[in-house]
Amino acid sequence: MTEVPQRPATNYTAQEQDSAIRAFRDEVVAAIGTKNLVDVRSPDEFAGRLLAPAHLPQEQAQRGGHIPTARNIPWSKAAEEDGTFKSDDALRTLYGGAGVDFASDTIAYCRIGERSAHTWFVLHELLGQPNVKNYDGSWTEYGSLVGVPIKTGDES
Amino acid sequence: MTTADGCGAPAGGAALTDAGNQAVVQGHVTRAGAPVATGYARLLNGDGEFVAEVPLGEDGGFRFFAAPGTWTLRVLAPGGVRAEQAVSAAIGQIANLEVAV
């Protein structure tokens, strides 16, 4: 270690939440086939083979699978093996190549919205996409809803 | 302190008393017989894709709750240490791995 950053004590004042970056159930259902839905869970959760990330017991949502038309781009793919973010060009290739339309609005989700917050940061803060939302209800909510379409298997 | 109330991975993996209806993959990482407490255990699926990762516990332990099938367990530790083992998981069973690096 060559540089030790100085972090003087300071105060942060919490502000009202910014609901413009949160997506809720009805908006997510309406986004099927009309906006980018990015499922950032592992391929096995996306397909419905796992109900939760594999470091947790498999007992969360009622059903496995994903939201129809969602593209599966695991959050971890935005990072290099050493934990740093990939370059902007590599990130654009990653998301664009998986079918994300950068001219359209995007909703990211995972199981409880934590991993998808990472992807929200990548799309909104690193790539500058203007309208990206995090669905914090995510699969825990969607996979337990009555009357919504669910797709299983590896295809979107 | 291990908690499992978020998506975060508790060091060593979530606690377990009984496999129940889970397909558990767990084990320990050792170097020359001593536990490796600094590092990560990563679970890869049959296509080699990242599925999950936990920091190793103080006893070098890790635990995953997989689906039935064949998986790869990859250990990453400081100094570029990397080890892999194939493992099969089945519902109601605990697959135990001892990984020496």
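Whatever comes next refers back to the structure up there.
None of these values were measured; they are calculated from a predicted model.

Asker: Explain the overall build of chain B residue by residue, including any values.
Answerer: When its secondary structure is counted, chain B shows zero helices and eight strands. Ordered by position in the sequence, the α and β elements of chain B form the string β-β-β-β-β-β-β-β. For 101 residues, the compact-globule estimate of 2.2 N^0.38 gives 13 Å, and chain B sits close to it at 13 Å. Each of the three principal axes of chain B carries a C-alpha extent, and together these read 35 × 30 × 25 Å. Within chain B, the proportion of its 101 residues that are buried is 47%. Of the roughly 4800 Å² of accessible surface on chain B, a fraction of 48% belongs to carbon and sulfur atoms. Counting 5 positive and 9 negative side-chain charges, chain B places the averaged centre of each group 8 Å from the other.

Asker: Any details on the side chain of arginine 63 of chain B? Residues and values, ideally.
Answerer: Secondary-structure assignment places arginine 63 of chain B in strand β5 (residues 61-66). Side-chain polar atoms of arginine 63 of chain B contact the side chain of glutamine 26 of chain B, separated by 2.7 Å. With residues near it in sequence (within four places) discarded, arginine 63 of chain B still touches His55 of chain A together with Gly12, Gly13, Ala14, Ala15, Leu16, Val24, Val25, Gln26 and Val54 of chain B.

Asker: Summarise the pattern of salt bridges; cite the residues concerned and give the values.
Answerer: Should the charged atoms of two oppositely charged side chains come close, the side chains can pair. All names here are of chain A. Inspection of the entire model under this criterion finds 12 salt bridges over all chains. Between arginine 22 and aspartate 136 there is a salt bridge whose closest N-O contact spans 2.7 Å. Taken as a pair, arginine 22 in strand β1 (residues 22-23) and aspartate 136 in the loop between β5 (132-135) and α5 (138-142) lie far apart in primary sequence, 114 residues in all. Residue classification places aspartate 136 among the partly exposed positions, given a relative accessible area of 30%. For arginine 41, the salt bridge is made with aspartate 39, and the minimal N-O distance between the two is 2.7 Å. Residue classification places aspartate 39 among the buried positions, given a relative accessible area of 0%. Where salt bridges share partners, they join Glu27, Lys35 and Lys133 into one cluster.

Asker: Describe the interface of chain B and chain A, with residues and values.
Answerer: With 25 residues of chain B at the interface, the matching set in chain A holds 20 residues. Connecting chain B to chain A are one salt bridge. Ionic pairing is found between glutamate 49 of chain B and lysine 77 of chain A, a salt bridge with its closest N-O pair at 2.9 Å. The interface formed by chain B and chain A holds five residue pairs in polar contact (both at pLDDT 80 or more) in total. A total of five residues in the side of chain B that touches chain A trace back to one element, the largest contributor, which is strand β4 (residues 50-55) of chain B. Residue composition of the side of chain B that touches chain A, by class: 15 nonpolar, four polar and six charged.

Asker: Could you give an account of the sheet that holds strand β3 (residues 40-44) of chain B, with specific residues and numbers?
Answerer: Residue and element names in this part refer to chain B. Sheet architecture is open: four strands sit in the order β4-β3-β6-β7, paired in antiparallel fashion. Looking at strand neighbours, the two that pair on one side only are β4 and β7 (81-89), the edges of this open sheet. Averaged over all adjacent pairs, the angle separating strand axes in this sheet is 20°, with direction ignored. One ladder, built from nine bridges, connects strand β6 (residues 69-77) with β7; its direction is antiparallel. Residue pairing across strands places leucine 73 opposite glutamine 85, the latter belonging to β7.

Asker: Tell me what's going on with the environment of alanine 61 of chain A, and back it up with residues and numbers.
Answerer: Residues and elements named next belong to chain A. Position of alanine 61 relative to the elements: it lies in the loop between α2 (43-47) and β3 (71-72). Put simply, alanine 61 and leucine 145 are 84 residues apart on the chain and 9.1 Å apart in space, counted from C-alpha to C-alpha. Ignoring sequence-local partners within four residues, the contact set of alanine 61 consists of Leu51, Trp139, Gly143 and Ser144.

Asker: Talk me through helix α3 (residues 88-97) of chain A; I want residue IDs and the actual numbers.
Answerer: All names here are of chain A. All buried positions along α3 are accounted for by Leu91, Leu94 and Tyr95. Buried residues along α3 cover an arc of 85° about the axis, so they all sit on one side. Those residues of α3 that are exposed and angled more than 90 degrees off the buried face are Asp89, Thr93 and Gly97. Where the residues of α3 are buried, they touch α4 (115-126).

Definitions and limits used
- Residues numbered from 1 in each chain as written.
- Chains lettered and ligands numbered in written order.
- Predicted model: local features only at pLDDT ≥ 70, side-chain atom pairs only at ≥ 80, totals over all residues.
- Heavy atoms only, no water.
- Helix = DSSP H or I, 4+ residues; strand = E, 2+ residues; numbered from the N terminus.
- Rg over C-alpha atoms; globule rule 2.2 N^0.38 Å.
- Buried < 20%, exposed > 50% of the residue type's maximum accessible area, 1.4 Å probe, protein only.
- Areas by Shrake-Rupley, 256 points an atom, 1.4 Å probe, with all protein chains shown as cover.
- Lys, Arg positive; Asp, Glu negative; His and termini not counted.
- Charge placed at Lys NZ, Arg CZ, Asp CG, Glu CD.
- Polar contact = N/O pair within 3.5 Å; in protein donor to acceptor, adjacent residues only side chain to side chain.
- Contact = heavy atoms within 4.5 Å.
- Salt bridge = Lys/Arg side-chain N within 4 Å of Asp/Glu carboxyl O.
- Nonpolar A, V, L, I, M, F, W, Y, C, P; charged D, E, K, R; others polar.
- Pairing = 2+ DSSP bridges.
- Axes fitted to C-alpha atoms, helices over the stretch in contact; angles between N-to-C directions.
- Arc of directions from axis to C-beta.

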